[in-house]
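# Structural overview for review
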Amino acid sequence: MDNASNNETNENTNESLDFIRAEIADDIKNNLNDGRVHTRFPPEPNGRLHIGHAKAFCLNFSIAKEFGGKCNLRFDDTNPIKEEQEHVEAIMEDVKWIGWDWEDRLYFASDYFDQMYEWARQLIKDGKAYVCDLTPEQTREHRGSLKEQGKESSYRNRDISESLDLFEKMKNGQFPDGTRCLKAKIDMTSPNINMRDPVMYRILHATHHRTADKWCIYPMYDWAHGLEDSIEGITHSLCSLEFENHRPLYDWFIDQLNIHHPKQREFARLNLTYTVMSKRKLARLVEGNHVIGWDDPRMPTISGLRRRGYSPAAIRNFCKTIGIAKTDSTIDLALLEHCLRDNLNATSNRVMAVVNPLKVVITNYPDDQVEELEAINNPQDESAGTRKVHFTKELYIEREDFMEDAPRKFFRLSVGREVRLRYAYFVTCTDVVKDENGQVTELHCTYDPATKGGDAPDGRKVKGTIHWVSTTESLKAKVNACDNLFTKENPEATEDGQDFIDNLNPDSLSVLENCFVEKSLANTTPGDRYQFERLGYFCTDTESSEGNLVFNKTVGLRDTWAKLKKQKQNAPKKK
RNA sequence: UGGGGUAUAGUGUAACGGCAGCACGACAGACUCUGAAUCUGUUUGUCUAGGUUCGAAUCCUAGUACCCCAGCCA
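Along each chain, numbering runs from 1 in the same order as the chain's sequence is written. Chain letters start at A and ligand numbers start at 1, both assigned in the order the entries are written. Confidence filtering applies because this is a predicted model: local features only for residues at pLDDT of at least 70, side-chain atom pairs given and counted only at 80 or more, and all residues used for totals across whole chains, interfaces and linings. To get the side-chain values, all heavy atoms of the structure are used, and hydrogens and water are removed first.

So, about unusual backbone geometry. Most peptide bonds adopt trans geometry, and most residues besides glycine take a negative phi value. You will see that Ala 212, though not glycine, has its phi angle at about 50°, which is positive. With respect to the helices, strands and loops of the structure, Ala 212 is situated in the loop between strand S6 (199-203) and strand S7 (217-219). Residue Ala 212 is classed as partly exposed on the basis of its relative accessible area, which comes to 35%. Here Tyr 274, not a glycine, exhibits a phi torsion of approximately 65°, which is positive. Here a strand is any run of E in DSSP of at least two residues, a helix any run of H or I of at least four, and the numbering for each starts at the N terminus. Of note, Tyr 274 is situated in the loop between strand S9 (263-267) and helix H9 (279-287). Its relative accessible area of 25% is what places Tyr 274 among the partly exposed residues. Under the scheme applied here, a residue whose accessible area is under 20% of the maximum for its type counts as buried, over 50% as exposed, and between as partly exposed, the area being computed with a 1.4 Å probe on protein chains only.

Throughout this description, the term salt bridge denotes a Lys or Arg side-chain nitrogen within 4 Å of a carboxyl oxygen of Asp or Glu. Taken as a whole, this structure holds 47 salt bridges when the rule is applied. Here Glu 103 and Arg 105 are joined by a salt bridge, their closest N and O atoms 2.7 Å apart. Note on Arg 105: relative accessible area 6%, which makes it buried. Residues participating in the shared-partner salt-bridge network are Arg 40, Arg 74, Glu 228, Asp 229 and Glu 232.

The cutoff for a nearby residue is simple: one of its non-hydrogen atoms must lie within 4 Å of the molecule or strand. Around RNA strand B, the structure places 70 residues, and the nearest of them are Arg 350, Arg 420, Gly 453, Gln 531 and Arg 534. Looking at RNA strand B alone, sugar and phosphate atoms form 66% of those within 4 Å of the protein. Secondary structure elements with two or more residues in the surface near RNA strand B: helix H5 (136-143), S6, helix H12 (333-347) and helix H13 (560-570). The class makeup of the residues in the surface near RNA strand B is 22 nonpolar, 22 polar and 26 charged. Charged residues are taken to be Asp, Glu, Lys and Arg, nonpolar residues to be Ala, Val, Leu, Ile, Met, Phe, Trp, Tyr, Cys and Pro, and polar residues to be all remaining types, Gly included.

Turning our eyes to something else, we now look at the sheet that holds strand S1 (residues 38-41). Taken in spatial order, the 3 strands line up as S1-S2-S3 in an open sheet, and their pairing is parallel. Each edge of the open sheet is held by one strand with a lone partner, namely S1 and strand S3 (106-108). On average, adjacent strands in this sheet sit at an angle of 35° to one another, irrespective of strand direction. Bridge count for strand S2 (residues 70-75) against S3 is 3 bridges, and the pairing is parallel. Bridging across to S3, Arg 74 finds its partner in Tyr 107. Any two residues whose heavy atoms approach within 4.5 Å are treated as being in contact. To obtain an axis, a line is fitted to C-alpha atoms, over the contacting stretch when the element is a helix, and the angle between two such axes runs from 0 to 180 degrees between their N-to-C directions. Lying on the sheet, helix H3 (residues 85-98) is in contact with S1, S2 and S3; it crosses S2 at an angle near 155°. At least two DSSP bridges between two strands are required for those strands to pair.

Mean pLDDT over chain A works out to 95, with 97% of the residues at or above the 70 mark. Confidence scores here are pLDDT values: one per residue, from the predictor, ranging 0 to 100. Per-residue pLDDT stays below 50 along residues 1-13; that stretch engages in 22 contacts with residues further than four places along the chain or on separate chains. Here the predicted complex carries an ipTM of 0.97, next to a pTM of 0.95.

Let us now look at the packing of aromatic side chains. Pairing of aromatic side chains requires ring centres within 6.5 Å, counting the rings of Phe and Tyr and the six-membered ring of Trp. Pairs whose planes differ by under 30 degrees are stacked, by over 60 edge-to-face, and all others tilted. Following the criterion strictly, the structure yields 24 aromatic pairs and no others. With 5.0 Å between their ring centres and 65° between their planes, Tyr 365 and Tyr 447 make a pair best called edge-to-face. Here the residue Tyr 365 occupies a position in the loop between strand S12 (357-362) and strand S13 (371-376), and Tyr 447 occupies one in strand S18 (residues 440-447), the gap between them amounting to 82 residues. Overall, the relative accessible area of 2% leaves Tyr 365 in the buried class. According to the relative accessible area criterion, Tyr 447 is buried, its value standing at 12%. With a centroid separation of 4.7 Å and 80° between ring planes, the pair formed by Tyr 425 and Tyr 447 is classed as edge-to-face. Residue Tyr 425 is located in the loop between strand S16 (418-421) and strand S17 (426-434), and its partner Tyr 447 is located in strand S18; the two are separated by 22 residues in the primary sequence. No difference in accessibility class separates Tyr 425 from Tyr 447, as the two residues are buried. Each member of the aromatic cluster is reached from another via a ring pair, and the members are Phe 113, Tyr 117, Phe 167, Tyr 201, Trp 215, Tyr 218, Trp 223, Trp 252 and Phe 253. We note Arg 306 situated over the ring of Trp 97; from NZ or CZ to the ring centre the distance is 5.1 Å. Criterion for a charge above a ring: Lys NZ or Arg CZ within 6 Å of the ring centre, and within 35 degrees of the ring normal.

This is how it looks when you write it as structure tokens:
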């Protein structure tokens, strides 16, 4: 089905490899780890996954797949204060939905706490770690700064036996939070601040979502992560650029313990125009009620994209297309949308829907007649078959498809002009009905019965084809028209005293209550994706039900007419 | 201004001493029962300055710009 096992990857081609794959290929050639490749995706369960995470886990899973290796899903749950079980489940669902399978390799850092504790004791015994009684503030002072080196803690050279004893008491909960910690004894003069006696364990009397109250000390990332990788036999530990400074520490711990040594390699995280990509900022959008939740269709979260109508294949292909490098970069949203349309065009059934209706009366059409006309479901995929659409005397067309003083280049309806109603008839507009404000409320047209199905036997051509639905043989629907959440390419670029919230797009969601869709959509269920002909791709919302249809606009079709219009508006007036 | 990184078209990404290529975008055209898709074409680039070399995006030297690091977060 919709998983990642189609041949999307570049195995057996001569395509150039990114720097990580190149190194792995080299490692295999040199028989490092007996030629084994084993990666992992290690999310912290403190929020939802977003498309930036998708870049990371698609990298890890696809590398494993390409090199005949494995990829683990591992929750890095070392901080009980911020983490929740609820996120664990959502994250698994997201990774699975994108199409990846960790098989039986679902792991939790918390499963290794006992082993980590033993290893910590070993470092203490080796004189490479010590319990420090400095307060967090004092620790900060001792650390020095970017320019000044740090100074050693007075507890640094306390007896090993004392550290061992204290460490056990820490574990047993005999000290309050923050009163002591375990530190690695490395080098307070190191130019790399991470090496200045980093904290390995802190005291945290908190209930962990998996280990409950078993522990009151919890390992820090730098101490824990390499051990987790090592325990699982990871060969290549891929992470983002900001951990490059931590690599010496990652290596140091593993070297001291003399255990299996994975390679940590760093790549640039994903940035996308017109959105933000940090859990903290996304959480702010949710908590500040700027969106309706983590799965708001405007959010760059996996669940948001899913609800909006993105397909797993589109996201996978995007992640593959953007490549992997170490340069900080920001991908143009247009590329994501390209990958989306590319996939949806090939896979979505077409359907007719009118989102901003204008009534049309076919004056020479029999009053109560209903005709069934054949329509193609997907011109890109013959196996998708055909369906019937229902034609009647009264129809809705898109308000945008009529113009009173239409320029020559406007190929749609105007008084005296003939267009094709898709799959139906040629019609010519004869009259315009207006209300007292001059607003067009209704169009009168005549149809040519000879053009049934959409072709004129006399060979006459018509420049425009527009979509329509019957007023009676259609269903009412609501459409959430989603647009970019932010007005600026870079939402972080703000005036003094402002932040990204000030760049929120006030029109990011317009709700269209008065839409009509063809009857074939009666039994649509949440998650179904369609192309509304000439409008764009839409997805049945999670809140949609029979009799109360709701669709989210995933992305519009490319629209060269709209572009033309905009160009004209912006162009300087001509003579 | 300590340390660690990174600079190739508008945006990404290749080229590993030998023709700067690809994708997206933009622009122009063809086709079209979706102003979609498809097809064709055009446009724009090696951070700067020196050096090595027959030949440099690639090697060397010196600059410049940007990113990351001073959580008992990850």
